[in-house]
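One-letter residues, chain by chain:
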Amino acid sequence: MNRLSVLFVGIFTSFLIGWIAMVRVPLGQIGRLQPDVNEETGDIFPPTPSGLAIAGEKVYAANGCVYCHTQIVRPEEEGSDIARKWGDRRTVARDYIRQTITFPGTQRIGPDLTNVGVRYNDAKWQHQHLYNPRSINAWSRMPSFDYLYVTRKIVGQKSDEALDLKGEFAPPAGYEVVPTTEARELVAYLLSLNRNYPLKEAPLPEK
Amino acid sequence: MSTTPSIPADSEATAERIAIDHSTRGPVLIFFISAVVWLLAATFFGIIDSFKQHNPEFLGHVSWLTYGRIHAAYLNALTLGWGTTGSFGVIIWLLARLDHARLRIRSVLVLSCWLWNIGLGLGILGVLGGLSTGIEFLELPGFAAVILFVSYSLMAVWGVVNFAARDVRRPLFISQLYLLAALFWFPWAYGSAQFLLHFSPVQGSIQGIVASWYAHNFLTLWFTPIGLAAAYYFIPKVTGKPIYSYSLANIGFWTFALFVGWNGAYYLTGGPYPVWVVTASIVAAVLMLIPVSVVAINHHMTVKGSFALVHSSPTLRFVVFGAIAYTVASVQEALMGFRTYGKFFDYTLISVAHVHLVIYGFFSMILFGAIYYIMPRLIGCEWRSAMLIRLHFAASFFGILLMMAVLHVGGVRQGIDLSDATVTFEQVTAHAMFCLTGRTAAMMLLTLANFVFAYHFVLMLLHLGLPAGKPTLLSESPAVEKEAATL
């Protein structure tokens, strides 16, 4: 008897069973979901994010936002997520089908971001917060992502995109802080985070 | 049946063993040197990482040094660097000894080591430069993953060739089973996760399950079997007693193999996934307590009566600590599955504590123990200073204990705070502060430990140890005389 082959079969089968159960079967079950078409209104949910928002996923990945933020709203009985107004309803698998990379996350050093585009739908706010979170919440422990912005001399008119920074965060007189392409993509992504639509399996609660 | 890597009766066997040890020297040393370099790199990233958690402005204005990139660099240098290259060293040495075969195709191993270091080094630079994939434990950019995979394949080919060339007259030892399984499981897990998440990504709906399955299995299909293989080898070896029950050991292995792959989803309760996946995983985490207790009983009964040796032998002291940490971590894991537990403590520092208990408390400690045993046999001299080993152990011991204490206290607080929607995020943050500073203190202790170890390791490389013959012990104990390097 060739022991190596017997061992190999044992080692392989045990792995395979676990893999099929925990990866392959779920893949078959929820790996090819279609968007939900609302028969009355004709709306299609989840909506397709813009190209800029999709590009923002890469910026989100590259800068490790996922180590501090989750993107999961648990149902009411499984935690305080809904009570904290992180979402009106729980998130379900279909919510994630439009994203090329998903960021469920494992830590909540910061708030859940599933619906951050609903809470703060103003790009200016998002930019200022990213540039320096402490310019908005002095107690914040979120890092500054000021390297995604450039400080440049104002030539002629101040740019429309320039951040409204006050006090210690303001650039020197005659200068302005404007977002780079990466910052624009990231903010487009954050603004696209919006699960405020009904799905068959997860209707919005009656107001 | 009761077998153990026996202490040979005759000098011929001893000579053969020395010859086998010597044949492993080049490859094992280069893996160990890599491991120590990665350990220092990880320590460096780790302390910055920890400091940034309470001082977000610290080194905060350079993209390379932002928290999210340093954290990824830290995790990867620690697990794929220190843990994995160290594992390779232990695997090569142990398999050669247990196969009773001098090392074959050594140049393949050396090549594999260089490739691994280059792949990981480039990968970490890539992550710092902004190419992280953003998937925990799989952050390295695609090109690095490919290099690692090639390097790893060389390693696995070697493992199989060496195993096939083993002295088949001898019964298989339990550690060989664990090592062989690990050598196969790791690339399957790594390869399938990389494929499904990176090279041909599955739909967003399912990525979370695959990612968490991998993140968990990276630790349990790779580090755990290697740690257990080492514990199963060194405990009988140093105590000079056979494994308490060999059939128990076999049961332990096969139940482990059966349940281990089902784990990984238990902390997804309430997540957007099929409920049965989470439930199956919770059941598996509880069933895992069977192999865990089998191993614990076996080790405990083997060590029983030799506790003086745990005090005096550096190897045994580290390995026994690691084995205990493994049991504790596994019990914690079974608890984490319960809904009430998850409701409060998912997404808190408690999961950070758990991962660190596995990586530092269990795995690194066993790796240290193994290196303390193996190095004298490769270099031909003994560790220079018992004091340095004691310092290393004490700093690691208190560092791990402190880290567990602060992360658990902080995590419980954080969990209770978060579950109450009237507690604002500002308050949650304020309450967690002390525990994050405490964590930095713990990291400093671990930094001290790691540097002491690295210094001692370098002395050893420079042949500045004590003359071979009498092992360096932490206290007098004539019983371990036989642990001397020449045997």
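First, a word on what this report is: a plain description of the structure on this page. (Residues numbered from 1 in each chain as written. Chains lettered and ligands numbered in written order. Predicted model: local features only at pLDDT ≥ 70, side-chain atom pairs only at ≥ 80, totals over all residues. Heavy atoms only, no water.)

## Describing the pairing of strand β4 (residues 175–179) of chain A
Residues and elements named next belong to chain A.
- Counting buried residues along β4, four of its five residues qualify, which places the element largely inside the surrounding structure.
- As defined by bridge partners, strand β3 (residues 149–153) adjoins β4 across five bridges and the pair is classed as antiparallel. Looking at the pairing, Val150 lines up with Val178 of β4. (Buried < 20%, exposed > 50% of the residue type's maximum accessible area, 1.4 Å probe, protein only. Helix = DSSP H or I, 4+ residues; strand = E, 2+ residues; numbered from the N terminus. Pairing = 2+ DSSP bridges.)

## With respect to the pattern of salt bridges
- Applying the stated criterion across every chain, the model contains 12 salt bridges over all chains.
- Measuring nitrogen to oxygen at the nearest pair gives 2.9 Å for the salt bridge that ties Glu57(B) to Arg134(A). Of the two residues, Glu57(B) sits in the loop between α1 (11–54) and α2 (67–99) while Arg134(A) sits in the loop between α4 (123–131) and β3, which places them in two different chains.
- By relative accessible area, Glu57(B) is classed as partly exposed at 32%.
- Taking the relative accessible area as the measure of exposure, Arg134(A) reaches 14% and is therefore buried.
- Several salt bridges converge on common partners, so that one network encompasses Arg74(A), Asp81(A), Arg108(A) and Asp112(A). (Salt bridge = Lys/Arg side-chain N within 4 Å of Asp/Glu carboxyl O.)

## Some details on the interface of chain B and chain A
- In this assembly, 84 residues from chain B lie in contact with 72 residues from chain A.
- When chain B packs against chain A, close to 6500 Å² is buried across both sides, 64% of that on carbon and sulfur atoms.
- In terms of surface lost to chain A, no three residues of chain B exceed Pro272(B), Tyr347(B) and Phe425(B), which account for 12% of the buried area on that side.
- There are one salt bridge connecting chain B and chain A.
- The interface formed by chain B and chain A contains 28 residue pairs in polar contact (both at pLDDT 80 or more). (Contact = heavy atoms within 4.5 Å. Buried area = accessible area lost by both parts, 1.4 Å probe. Polar contact = N/O pair within 3.5 Å; in protein donor to acceptor, adjacent residues only side chain to side chain.)

## Some thoughts on the environment of Leu98(B)
- By secondary structure assignment, the location of Leu98(B) is in helix α2.
- Not counting residues up to four positions away in its chain, the partners in contact with Leu98(B) are Phe173(B), Ser175(B), Gln176(B) and Tyr233(B).

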